[in-house]
Amino acid sequence: MKRLLCALGVVAMAAVGSKASATPSTTFWTPATTYVQPFLIPHLTYDTYFGERGAYPILTGLTMGLLPFEKLQLEIGFDLQYPGYLGSAALLLNAKLGVPDGAFGAWQPGISAGIYNAGFKNHVTTQHVLHGEVGKTLPVGIVTVGGYYGLDEKALIDENGNPSRAGFMGSYVTPDWTVNLPGLNKMNAFADIQTGKSFLGAVGAGLGFYFTPAIDLLAGPVFFLNDKVQPGGQSWMWSMQIDVDFDIFKKGAPAAPPDAPAAPVTK
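Bear in mind that the values here come from a model prediction, so they are computed numbers and not experimental data.

A. Fine view of the overall build of the chain. Helices and strands together make up the secondary structure of the chain, namely zero helices and 15 strands. Entry remark: accessible area of the chain is about 11200 Å², with carbon and sulfur atoms responsible for 70%.

Put into structure tokens, the structure is as follows:
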């Protein structure tokens, strides 16, 4: 049985969704984090979203930092999404520029801005979502707020075809819970939100399991704000996300990301 996935204007099978989302550094569902991938440290992602009646294509991606500066950082990356897309429609690009939290003083929050879901197939993967956020590490955790705007008004739409391409983003990540058990270094919890009536509108929450400081599994549900534009009419899906940082340019132990999840982020 087929249904119209209006958020992208394409037909999706009930068993496989047709969302197109790139994964820059993220919290869980959203890029609502000021974290930027460190210089020349590749970050691999393997993200899944699935439910009883529908699912999204599996996303596999690579993101890496490109600037060798402490106070100004840049990451770029790409994702491939299969099954469900062929050729250029399977490729999505992302980039983000940021100033780290505390770079110019303890008072200064982290600031970042970028683009994700930048693709090549009109109104399917050409969402070109611009985003900006401000975040601060507090004794109770990391709080980030920001917003987004999609450049293609025909790609981010509600079930009636009306544009829904702008909204709020926010996230919260707890301080790390040090475990130091064999095979489990630490844990944390997180939640994020992205408003809007397109397929991007959702609330996510879950737990992060860090097997090493550079290898983690993020797991939890994502609740959609408009199930009419989701594969199979799903009101929520379960997400499992694997992230791996590795330093191929110098010898030694794997690079350790900061307390914030690296691509927990993220789609």
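Past the structure itself, the notes keep going.
B. Focus on unusual backbone geometry. Here the residue pair Y82 and P83 is connected by a cis peptide bond, since its omega of -5 degrees sits within 30 degrees of zero. Assignment of secondary structure puts P83 in the loop between β5 (73-82) and β6 (91-99). You will see that H128, though not glycine, has its phi angle at about 45 degrees, which is positive. Of note, H128 is situated in strand β8 (residues 126-138). Although it is not a glycine, N180 sits at a positive phi angle of roughly 55 degrees. If you trace the backbone, N180 turns up in strand β11 (residues 177-181).

C. Up close: the nonpolar core. In terms of nonpolar packing, the biggest core is built from 21 residues, with W29, Y56, L200, V222 and F224 touching the most fellow members. Every element with two or more residues in this core is listed here: β9 (141-150), β10 (166-173) and β14 (215-224). Looking at this core, the element that brings in the most residues is β14, giving three residues. Excluding residues that lie within four positions of it along the chain, F224 makes contacts with W29, Y56, F199, G201, A202, Q230, Q234, S235, W236 and M237.

D. Region of interest: the pattern of salt bridges. Evaluation of the coordinates by the stated rule reveals three salt bridges. One salt bridge in this structure joins D101 and K136, with 2.9 Å as the shortest N-O distance. You can see D101 sitting in the loop between β6 and β7 (110-118) and its partner K136 sitting in strand β8, a full 35 residues away along the chain. Here K186 ties to D176 by a salt bridge, and the two come within 2.8 Å at their closest N and O atoms. One end of the pair, K186, is in strand β12 (residues 184-194); the other, D176, is in the loop between β10 and β11, with 10 residues separating them in the sequence.

Definitions and limits used
Residues numbered from 1 in each chain as written. Predicted model: local features only at pLDDT ≥ 70, side-chain atom pairs only at ≥ 80, totals over all residues. Heavy atoms only, no water. Helix = DSSP H or I, 4+ residues; strand = E, 2+ residues; numbered from the N terminus. Areas by Shrake-Rupley, 256 points an atom, 1.4 Å probe, with all protein chains shown as cover. Core = buried A, V, L, I, M, F, W, Y, C linked by side-chain atoms within 4.5 Å. Buried < 20%, exposed > 50% of the residue type's maximum accessible area, 1.4 Å probe, protein only. Contact = heavy atoms within 4.5 Å. Salt bridge = Lys/Arg side-chain N within 4 Å of Asp/Glu carboxyl O.

By themselves, these are just geometric observations and shouldn't be taken as functional.
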